[in-house]
Structure formats: structure tokens, C-alpha cells
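Analysis of the macromolecular model
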Amino acid sequence: IIEKDGIRTFDVKAYYREYGKKGNPGSSQKQDYYLRNKETILARHEKYRADNPEKVKSVIRIWQHNNPERMKSYHQQYRFRLKKEVFDAYGNKCKCCGEKELEFLSVDHINGDGSKHRKEIGAGSKIYLWLKNHGFPQGEFRLLCMNCNWAKGVFGYCPHERRRDGENKEKL
């Protein structure tokens, strides 16, 4: 307890400087107990979850409702990790022009049935989860940058392909 300007207060920083180094004896005992009995504790928690699924779901929903920013952050991180995993599986660059900026890349349905597929599984990041759950099928999907993907969808070809085909014809 410190006194500043005639007001007595508790110096939290000083407390943690003093006891943070040594650790709280009770906390240390709890950690030791947990480490010694970790498997038993986790099994007990798993059994409780299995025996009380509705209660557990209710507690989770309440926590999620009370922590919207943390949930938003978690979901953003999850979607980014999932997207990165898919992009890693498909080479991390546009198959047409070689663009490597992740923000510009998208998954392309090679057969042109993307609209039908999105109606079946849902739009957005659900495609990434579907690809992961199906083992990242090769030959049906590829990465294209937004420009190449848009051009293929609208014109049926990408200008990069025409340019490459023209260069190849000139070389022959």
C-alpha cells in the first residue's frame, strides 16, 4: 500500500514485481498438482463434456456472446490459416501469370462449375474447408489471381494465355 497525495492506494505493479518473480505459492502448488495429474484431470473434463453436452454448449454460447471481439479475431485467424493451408497445397501462385500476393489469389474451378459447387457447399471460406476435407483434389481446382480468374469467367480465356500462345507461335 502506498500513499500518494494523501490517498492510500495499492501499487499493483510493485506487487507483481515482488511476487511475480517468486510466484504465488498457492499458484505453484496448483501447477505442480496439475502437471502430476494432467491425464486424470483431462479425462475427467472429457467425461463431463460427454455427460453434459447441452450444459457445455450453453456455457460456450454465453462465453461467445460475451466476447464478440475475441470470437471475431479467432474466426479471422482460423479462416486465414485455412486459406493459407489451401494455397500451400495448390502452389501459392497464380497458375496463369505467376502472381504470388495471397490477397490477389483465389481458387478456380477448372471445369467452370464454380457457381454450381458454391450452391452445394456454400460460399466464402467453406470452399477452403471442403478442399481440405477432400484432400486438396488436384486437376479440378487451381489458384488464379483475381484478374486471370475474372477474365476466364467473363471471356473464357486469360490475356496471358493469348500472349503466351502468340509468343510460342512466333518462336516456331
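Below is a summary of the structure that appears in this document. Sequence positions are assigned chain by chain, starting from 1 and proceeding in written order. Reporting of local features is limited, given that this is a predicted model, to residues whose pLDDT is at least 70; pairs of side-chain atoms are given and counted only at 80 or more, and all residues count toward the totals for whole chains, interfaces and linings. Side-chain measures were taken over the full set of non-hydrogen atoms in the model, leaving aside hydrogen atoms and water.

**Things to note about the packing of helix α3 (residues 38-51) against helix α4 (residues 53-66)**
Helix packing for two helices is described by the angle between their axes and how far apart those axes are. Two numbers describe how α3 lies on α4: the axes approach to 5 Å, and their chain directions differ by 100°. Accordingly, the angle class assigned to the pair α3 and α4 is roughly perpendicular. Here Tyr48, Arg49, Ala50 and Asp51 of α3 come into contact with α4, specifically with Pro53, Lys55 and Val56. For the contact of α3 with α4, the class distribution of residues is four nonpolar, no polar and three charged. Axes here mean lines fitted to C-alpha atoms, for a helix over just the part in contact, with angles spanning 0 to 180 degrees between N-to-C directions. Segments assigned H or I by DSSP are reported as helices when at least four residues long, segments assigned E as strands when at least two residues long, and all are numbered from the N terminus. Here the word oblique covers every angle except those under 35 degrees (roughly parallel), over 145 (roughly antiparallel) and from 65 to 115 (roughly perpendicular). Whether two residues are in contact is decided by their heavy atoms: any pair within 4.5 Å suffices. Amino acids are sorted into nonpolar (Ala, Val, Leu, Ile, Met, Phe, Trp, Tyr, Cys and Pro), charged (Asp, Glu, Lys and Arg) and polar (every other residue, Gly among them).

**Concerning the pairing of strand β3 (residues 105-109)**
Under the scheme applied here, a residue whose accessible area is under 20% of the maximum for its type counts as buried, over 50% as exposed, and between as partly exposed, the area being computed with a 1.4 Å probe on protein chains only. A large share of β3 lies buried, amounting to five of its five residues. Here β3 shows two buried faces, one formed by Leu105, Val107 and His109 and the other by Ser106 and Asp108. Following DSSP output, two strands are said to pair if at least two bridges run between them. Note that β3 and strand β4 (residues 141-145) share five bridges and pair antiparallel. Paired with His109 across the strands is Phe141, a residue of β4.

**Topic: unusual backbone geometry**
At Asn92, a residue that is not glycine, the phi angle is positive and equals roughly 60°. Relative to the assigned elements, Asn92 resides in the loop between α5 (68-89) and β3.

**Let's talk about the pairing of β4**
Taken across its five residues, β4 has five buried, putting it largely inside the fold. On β4, burial covers both faces: Phe141, Leu143 and Cys145 on one face and Arg142 and Leu144 on the other are all buried.

**Structural notes on helix α8 (residues 146-155)**
Counting along an α-helix, one turn takes 3.6 residues, and residues three or four places apart therefore face a common direction. All buried positions along α8 are accounted for by Cys148, Asn149, Ala151 and Lys152. Taken around the axis of α8, the buried residues stretch over an arc of 165°, which confines them to a single face. For α8, exposure combined with an orientation more than 90 degrees from the buried face picks out Asn147, Trp150 and Gly153. Once α8 ends, the next one or two residues include Gly156, with phi positive near 85°. Throughout, the arc means the angular range of directions from the helix axis out to the C-beta atoms.

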